[in-house]
Amino acid sequence: MSIRNRVRYLGWPALAIALLAGIQNTSADDLSSKDAALFEKAKGIHSRIVAFDSHVDIPFNYGEPGVETQVDLPKAERGLLKGASIAVFVPQGPRNDEAYSQARSDADKKYRLIRSIAEKNPGRAALAYSPADVRRIAAEGKFAIVLSLLNAYPLVRPRVPKTPQNELGERDLPAFQSDLDQINEWYNRGVRILGFVHAGHNDWADSSRPNAGLGDAAEEHCGLSELGKKAVRRLNDLGVLIDVSQLSTHALEQVLSLTKAPVAATHSAVQALVDTPRNLSDGELELIKKNGGVVQIVAFSNYLRPLPKQYVEQIASLQAEFGLAGGKPGRALSQAKRDEYSERYHKIVSAAPQAMLAQFVDAIDYAVQRIGVDHVGISSDFNHGGGIIGWQNEGESVNVTVELLRRGYGETEVAKLWGGNFLRVWQAAQDAATHLESRR
């Protein structure tokens, strides 16, 4: 099947979906001869390529007894995955001293947890700081861990202590302020990929999802703030790959107008198939292609299939109850109310039917048709909402390749989608660095 025609392939029989959903845990003898052949072929491909997931998270209780997650070394090994970018992720919160202090602490904790995976398992995993590191670690039979940072919200520093000379002028200023030099600090700690925002605006940029519970307007900076614009240059100088997922359209456009290096949307999907501001429009896809970047299609149900009407209605009712109808900004909710809203919202969303693996590859097909196979990749967003029927955890990663093969993709194209394109773009960002003395 040609790439041009793949986008016309919209699903497959329910029996095949059910079969593929369980194929990773099924012996080849139990499958039809065709499915068994595809599965064995997919495994062979994974043994030869560097399959890399460009965005996953881990919970704050990762590694504690009894905690099950979608990402761990046994699952990665079972799924023949060679590496992943694991995010130092802290959700957006209020911009006040107490919240900033907590965000810094949470970022530090997440950072230590990620590093501990390699430090506690030196024979099975290692930290990677470049695409060459990823390939070398994979060749050694280990899992390559790349540190990313999603949401620049915790990139703050304490203000200089007050002195008699400046006390009067700074008496009402917050104790913390967003700080450009924190990018260097996190670079020195090993972060090589950075995304400015998550769900809510911050001091750096506008989000594609304003947080009405925090009192967000539709836009705060009309894209990037002045700090955010300086951050683009700083990231370029260091060779840090800029992640444009989550950004508002204006912010994404401004990043692309300022950057001297290709960018990546490490976990996004396509708006033409599911109309949500979190997904990328055709125009945004084209801009990323023009930049030489890559769009990593994410296995996140709500971005791959429209949310059924009954769940949309339940969310609308919940928003009205909390004074957030239509997502319009107003008075910020208290922390307790935000927590309650979040818990009830996610309870509604989690009850909705998950997207199918076929719908995930439909989105890949669409992006390939629109911007070309050299600008598309794969990500899961596991442990932060990712997971679809057929790819519920990293142990089922080969299933994605089975479906790609079923649709006519060859090994060269699979290798590009499963990390080749992403590593190429990341390498281009490192090659564009000007502060070579700062590079690890």
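Definitions and limits used
- Residues numbered from 1 in each chain as written.
- Predicted model: local features only at pLDDT ≥ 70, side-chain atom pairs only at ≥ 80, totals over all residues.
- Heavy atoms only, no water.
- Helix = DSSP H or I, 4+ residues; strand = E, 2+ residues; numbered from the N terminus.
- Buried < 20%, exposed > 50% of the residue type's maximum accessible area, 1.4 Å probe, protein only.
- Contact = heavy atoms within 4.5 Å.
- Axes fitted to C-alpha atoms, helices over the stretch in contact; angles between N-to-C directions.
- Parallel < 35°, antiparallel > 145°, perpendicular 65-115°, else oblique.
- Left-handed = near helix turned anticlockwise from the far one by under 90°.
- Nonpolar A, V, L, I, M, F, W, Y, C, P; charged D, E, K, R; others polar.
- Pairing = 2+ DSSP bridges.
- 1 Å grid on protein atoms, 1.4 Å probe; cavity = no way out; pocket = protein on both sides within 12 Å on 5 of 7 lines; lining within 4 Å.
- Points joined across faces, edges and corners; volume = space filled by probe spheres on them.
- Core = buried A, V, L, I, M, F, W, Y, C linked by side-chain atoms within 4.5 Å.
- Salt bridge = Lys/Arg side-chain N within 4 Å of Asp/Glu carboxyl O.
- Phe/Tyr/Trp six-rings, centres within 6.5 Å; stacked < 30°, edge-to-face > 60°.
- pLDDT = per-residue confidence, 0-100.

(A) Focus on the overall build of the protein. Counting its regular elements, the protein contains 17 helices and eleven strands. Counting every position in the protein, which comprises 440 residues, the buried fraction comes to 54%. A separation of at least 24 residues holds for 75% of the contacts in the protein among residues at least 6 apart in sequence.

(B) Seen up close, the environment of leucine 273. With respect to the helices and strands, the residue leucine 273 is situated in the loop between strand S9 (264-268) and helix H11 (282-291). Using a relative accessible area of 40% as the deciding quantity, one classes leucine 273 as partly exposed. In the structure, leucine 273 is positioned 89 residues away from aspartate 362 in sequence and 8.8 Å away in space, judged by C-alpha atoms. The contacts of leucine 273, once residues within four sequence positions are left out, are Asp362, Ala363 and Tyr366.

(C) Expanded view of the packing of helix H10 (residues 249-258) against H11. Closest axis-to-axis distance for the H10/H11 pair is 11 Å, and the angle between their directions is 15°. Taken together, the axes of H10 and H11 are roughly parallel relative to one another. Taken as a pair, H10 and H11 cross one another with a handedness that is left-handed. In this structure, H10 contributes Thr249, Leu252, Glu253 and Leu256 to the contact, and H11 contributes Glu284, Leu287, Ile288 and Asn291. For the contact of H10 with H11, the residue count by class is four nonpolar, two polar and two charged.

(D) Broad picture of the packing of helix H6 (residues 131-139) against helix H17 (residues 411-431). Look at H6 against H17: their axes get within 9 Å of each other, and the N-to-C directions meet at 135°. In terms of their interaxial angle, H6 and H17 are classed as oblique. Each of Pro131, Ala132, Val134 and Arg135 in H6 lies in contact with H17, whose residues at this interface are Leu423, Trp426, Gln427 and Gln430. Of the residues assigned to the contact of H6 with H17, the class counts are five nonpolar, two polar and one charged.

(E) Just the pairing of strand S4 (residues 143-150), in detail. Burial analysis of S4 places eight of its eight residues in the buried class, which makes it a mostly covered element. Burial along S4 is two-sided: the face carrying Phe143, Ile145, Leu147 and Leu149 and the face carrying Ala144, Val146, Ser148 and Leu150 are both buried. Judged from the seven bridges that link them, strand S2 (residues 83-89) and S4 form a sheet pairing that is parallel. Paired with alanine 87 across the strands is serine 148, a residue of S4. Note that strand S3 (residues 125-128) and S4 share four bridges and pair parallel.

(F) Looking closely at empty space enclosed by the protein. One pass over the full model with this rule turns up two cavities of 30 Å³ or more. Size it by volume and the largest cavity reaches roughly 40 Å³. If you trace the largest cavity, you find it lined by Ser54, His55, Ser85, Ser148, Leu149, Leu150, Ile193, Leu194, Gly195, Asp243 and Thr266. Those elements giving two or more residues to the lining of the largest cavity turn out to be strand S1 (52-56), S4 and strand S7 (191-195). Taken together, the residues of the lining of the largest cavity sort by class into four nonpolar, six polar and one charged. One number sums up the size of the second largest cavity: a volume of about 30 Å³. Along the walls of the second largest cavity sit Tyr62, Val71, Asp72, Leu73, Ile86, Ile117 and Phe143, which together make up its complete lining. Looking at side-chain class alone, the lining of the second largest cavity contains six nonpolar, no polar and one charged residues.

(G) Here's a closer look at the side chain of asparagine 202. With respect to the helices, strands and loops of the structure, asparagine 202 is situated in the loop between S7 and helix H9 (226-238). Setting aside anything within four residues of it in sequence, one finds asparagine 202 in contact with Gln92, Arg95, Asn151, Ala152, Tyr153, Phe196, Val197, Glu220 and His221.

(H) Representation of the nonpolar core within the structure. Ranked by size, the top nonpolar core spans 101 residues in total, and within it Phe196, Phe360, Ile364 and Trp391 carry the most contacts. Ala261, Val294, Phe422 and Trp426 belong to the second-largest nonpolar core, a separate cluster that totals 17 residues.

(I) Examining the pattern of salt bridges more closely. Across all of its chains, the model carries 27 salt bridges by this definition. Across the salt bridge formed by aspartate 57 and lysine 110, the nearest N and O atoms sit 3.1 Å from each other. Linking aspartate 57 in the loop between S1 and helix H4 (73-78) with lysine 110 in helix H5 (residues 97-119), this pair joins segments that are 53 residues apart in sequence. For aspartate 57, a relative accessible area of 5% corresponds to the buried category. The partner of arginine 95 in a salt bridge is glutamate 220, with the nearest N and O atoms 2.8 Å apart. Within this pair, whereas arginine 95 is found in the loop between S2 and H5, its partner glutamate 220 is found in the loop between S7 and H9, the two being separated by 125 residues in sequence. Several salt bridges converge on common partners, so that one network encompasses Asp35, Asp362, Asp365, Glu403, Arg406 and Arg407.

(J) Examining the packing of aromatic side chains more closely. Enumeration according to the criterion identifies nine aromatic pairs in this entry. Judged by centre distance (4.5 Å) and plane angle (15°), the ring pair of phenylalanine 300 and tyrosine 303 falls under stacked. Taking the relative accessible area as the measure of exposure, tyrosine 303 reaches 10% and is therefore buried. Ring geometry for tyrosine 341 versus tyrosine 345: centroids 6.1 Å apart, planes at 20°, classification stacked.

(K) How the structure looks around the confidence of the model for the protein. For the protein, the average pLDDT comes to 90, and 87% of its residues sit at 70 or higher. The spread of mean pLDDT over the elements of the protein runs between helix H1 (residues 3-6), the lowest at 39, and strand S10 (residues 294-298), the highest at 99. Under a pLDDT of 50 for its full length, residues 1-29 has, in the predicted model, 62 contacts with residues more than four places off or in other chains. In this model, residues 436-440 is a region of pLDDT below 50 whose contacts with residues beyond four sequence positions or in other chains number eleven contacts.

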